[in-house]
Amino acid sequence: MTERLQKILSARGVASRRTAEQMILDGRVRVNGTIAVLGQTADGDADEILVDGQPIPAGTQPVYIMLHKPRGFVTTLSDEQGRRTAAELVADCGVRVYPVGRLDLSSEGLLLFTNDGAFADKLMHPKHQVDKTYLAWVSDFSDEAFQRLKKPIELDGYRIRAPKLRIMKPGLIEITIHEGRNRQVRRMCEAAGMHVTRLRRIRE
């Protein structure tokens, strides 16, 4: 059965569909010896599909892993700077999986890994706006800053929806966001006049 190449790569656990599209655009994918192009279809069982010169994995059952990422790990499969990666946390799971979304180096908490590209895309694609909940420890906490945090703000030219907030205690806020832009919680708090000293994702 022929399918879009990026869908095959995603289903085989090579990368999420969006990342697979970029791999194709970068010329890293070959089908039967020819460099693939975006939009190309192939048969995952009958055609020879190589990524960076290596055959893609055979079809496998979907795998879903939920773990706690500690601080000090970057959410990537490899790191040019030699930092510890979240991939190390799932190195012994027996199949190739990749992270769903990101937590920055200084953040901790819930991180999902999977080889199910459709599942990953559903969680990560902006149009689905899957809620994510964090605990944020902040300095410079005040009622005025908290009230500012309640309001929608603009990040990267995009108007962020107002978050759901709950004060756990002064300086500790539960924050639920609806998007998932780069360092969104930290940047929202900074815009409100607070600095995040610790950030933990607890729900996605």
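Rules behind the numbers
Residues numbered from 1 in each chain as written. Predicted model: local features only at pLDDT ≥ 70, side-chain atom pairs only at ≥ 80, totals over all residues. Heavy atoms only, no water. Helix = DSSP H or I, 4+ residues; strand = E, 2+ residues; numbered from the N terminus. Buried < 20%, exposed > 50% of the residue type's maximum accessible area, 1.4 Å probe, protein only. Areas by Shrake-Rupley, 256 points an atom, 1.4 Å probe, with all protein chains shown as cover. Lys, Arg positive; Asp, Glu negative; His and termini not counted. Charge placed at Lys NZ, Arg CZ, Asp CG, Glu CD. 1 Å grid on protein atoms, 1.4 Å probe; cavity = no way out; pocket = protein on both sides within 12 Å on 5 of 7 lines; lining within 4 Å. Points joined across faces, edges and corners; volume = space filled by probe spheres on them. Contact = heavy atoms within 4.5 Å. Salt bridge = Lys/Arg side-chain N within 4 Å of Asp/Glu carboxyl O. Pairing = 2+ DSSP bridges. Phe/Tyr/Trp six-rings, centres within 6.5 Å; stacked < 30°, edge-to-face > 60°. Lys NZ or Arg CZ within 6 Å of the ring centre and 35° of its normal.

Draft legend 1. Examining the overall build of the protein more closely. A tally of regular secondary structure across the protein gives five helices and 15 strands. Taking the principal axes of its C-alpha atoms as reference, the protein extends roughly 60 × 35 × 30 Å. Counting across all 204 residues of the protein, residues that qualify as buried make up 42%. Accessible surface computed for the protein: about 11,200 Å², of which carbon and sulfur atoms make up 48%. Charged side chains in the protein number 32 positive and 26 negative. The centres of these two groups are separated by 6 Å.

Draft legend 2. Quick peek at the layout of surface pockets. The volume enclosed by the largest pocket comes to roughly 1,200 Å³. Lining the largest pocket we find 38 residues, and of these Gly101, Arg102, Leu103, Met124 and Gly180 sit closest to its centre. At the level of secondary structure, the elements contributing two or more residues to the lining of the largest pocket comprise α2 (17-25), β8 (98-100), α3 (117-124), β10 (132-139), α5 (184-192) and β15 (195-203). Broken down by element, the residue count for the lining of the largest pocket peaks at three residues, all from α2.

Draft legend 3. Region of interest: the environment of Leu5. Within the secondary structure layout, Leu5 lies in helix α1 (residues 5-11). The class of Leu5 is buried, set by a relative accessible area of 0%. Separated by 37 residues in sequence, Leu5 and Ala42 place their C-alpha atoms 5.9 Å apart. When neighbours within four sequence positions are excluded, Leu5 is seen to be in contact with Ile24, Val29, Val31, Ala36, Gln40, Thr41, Ala42 and Ile49.

Draft legend 4. Layout of the pattern of salt bridges. Applying the stated criterion across every chain yields a total of 12 salt bridges. The closest approach of N and O atoms between Arg17 and Asp121, which form a salt bridge, is 3.5 Å. Of this pair, Arg17 sits in helix α2 while Asp121 sits in helix α3, placing them 104 residues apart in sequence. Two residues, Asp79 and Arg83, come together in a salt bridge whose shortest N-O distance is 2.9 Å. Three or more residues are tied together by salt bridges with common partners; here these are Arg71, Glu108, Arg198 and Arg200.

Draft legend 5. Inspection of the sheet that holds strand β2 (residues 29-31) at higher detail. Pairing in this open sheet of four strands is antiparallel, and the strands run β3-β2-β5-β6 from one edge to the other. For this open sheet the edge positions go to β3 (34-35) and β6 (54-55), each flanked by a neighbour on one side alone.

Draft legend 6. Highlighting unusual backbone geometry. Residues other than glycine seldom take positive phi values, yet Asn32 does so here, at roughly 50°. Positionally, Asn32 belongs in the loop between β2 and β3. Under the relative-accessibility criterion, Asn32 is labelled partly exposed at 46%. The residue Asp140 is not glycine, and still its phi comes out positive at about 60°. Mapped onto the elements, Asp140 comes out in the loop between β10 and α4 (143-149). Exposure remark for Asp140: the relative accessible area of 56% places this residue in the exposed category.

Draft legend 7. Quick look at the pairing of β15. Alignment of strand β9 (residues 108-114) against β15, held across two bridges, turns out to be parallel. Each residue of the ladder has a partner; that of Gly109, found in β15, is Arg201. Note that β10 and β15 share seven bridges and pair antiparallel. When the sheet's bridge partners are listed, Ser139 is paired in β15 with His195.

Draft legend 8. Just the packing of aromatic side chains, in detail. In total, this model carries two aromatic pairs according to the counting rule given. Geometrically, the ring pair formed by Phe141 and Phe146 is tilted, given 6.3 Å between the ring centres and 55° between the ring planes. Residue classification places Phe141 among the partly exposed residues on the basis of a relative accessible area of 27%. Geometry around Trp137 places Arg198 over its ring, the cationic atom sitting 4.9 Å from the centre.

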